[in-house]
Amino acid sequence: MTQQGAVLQGYNNELVKCIEDLCMQKEELNKQIQQAEEEKNKLQHEIQVLNEQLECVCEDLAQKVASRNELDKILAETEAAYMKILDSSRTLLNVLKKEVGSLKHATELKTN
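As annotated in an unreviewed UniProt entry, the protein carries the name SSNA1 protein and comes from Crotophaga sulcirostris.

> So what about the overall build of the protein? Which residues, and what values?
Helix and strand content of the protein: one helix and zero strands. Against the 2.2 N^0.38 benchmark of 13 Å for 112 residues, the protein shows a C-alpha radius of gyration of 47 Å, more extended than a compact globule. Principal axes of the C-alpha set define a box for the protein whose edges measure 160 × 20 × 10 Å. When the 112 residues of the protein are sorted by exposure, 0% land in the buried category.

> Got a sec to walk through the pattern of salt bridges? Specific residues and values, please.
With the rule as written, the count across this model stands at three salt bridges. The closest approach of N and O atoms between Lys 17 and Asp 21, which form a salt bridge, is 3.6 Å. Taken as a pair, Lys 17 and Asp 21 lie in helix 1 (residues 2-111) at a separation of four residues, close to a single helical turn. Assessed through its relative accessible area of 49%, Lys 17 is described here as partly exposed. The residue Asp 60 makes a salt bridge to Lys 64 at a minimum N-O spacing of 3.2 Å. Here Asp 60 and its partner Lys 64 are both found in helix 1, four residues apart, which amounts to about one turn of the helix.

> Before we move on, could you go through the UniProt feature "coiled-coil region" (unreviewed entry) in the protein and cite the residues and values that matter?
The UniProt feature table records "coiled-coil region" (unreviewed entry) at residues 19-60. Secondary structure across residues 19-60 comprises 100% helix and 0% strand; the distance between its end C-alpha atoms is 61 Å.

Rules behind the numbers
- Counting restarts for each chain: residues are numbered from 1 in the order of the written sequence.
- Thresholds applied to this predicted model are a pLDDT of at least 70 for local features of residues and 80 or more for the giving and counting of side-chain atom pairs; totals over whole chains, interfaces and linings are not thresholded and use all residues.
- No hydrogens and no water enter the side-chain calculation; it runs on all heavy atoms of the structure.
- Under the DSSP-based scheme used, a helix requires at least four consecutive residues in state H or I and a strand at least two consecutive residues in state E, with every element numbered from the N terminus.
- Here the globule rule is a power law, 2.2 Å times the number of residues to the power 0.38, and the radius of gyration is based on C-alpha atoms.
- The buried label goes to any residue with under 20% of its type's maximum accessible area, the exposed label to any with over 50%, and the partly exposed label to all in between, with areas taken from a 1.4 Å probe on protein chains only.
- Salt bridge, as used here, is a side-chain nitrogen of Lys or Arg placed within 4 Å of a carboxyl oxygen of Asp or Glu.
- UniProt positions are given in the numbering used here, feature names are shortened, and annotations may be inferred rather than shown by experiment.

Take a look at the structure:
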């Protein structure tokens, strides 16, 4: 019976060692899980900060695009008005040249 007791004691010692090894593995896994959760929380915070920054940049971009579109409209209207002024100036110049030419012709006829 002593031999059976020794075998049983050997099994018990081995079982206790296996249980201790499993507990150590569990503790190590718990540490890894805690580290992974901390990294996850850190990344989620960074994502939130980046999303807020992205939102600000998008709003700023939208305002700048709207301003540029308004400037494009003003520029197109100004250029169109300027072209009308040029056209009117050309017409005025042509009329003036014609009038001057008519006056010269009329003066020449009177002197002859």
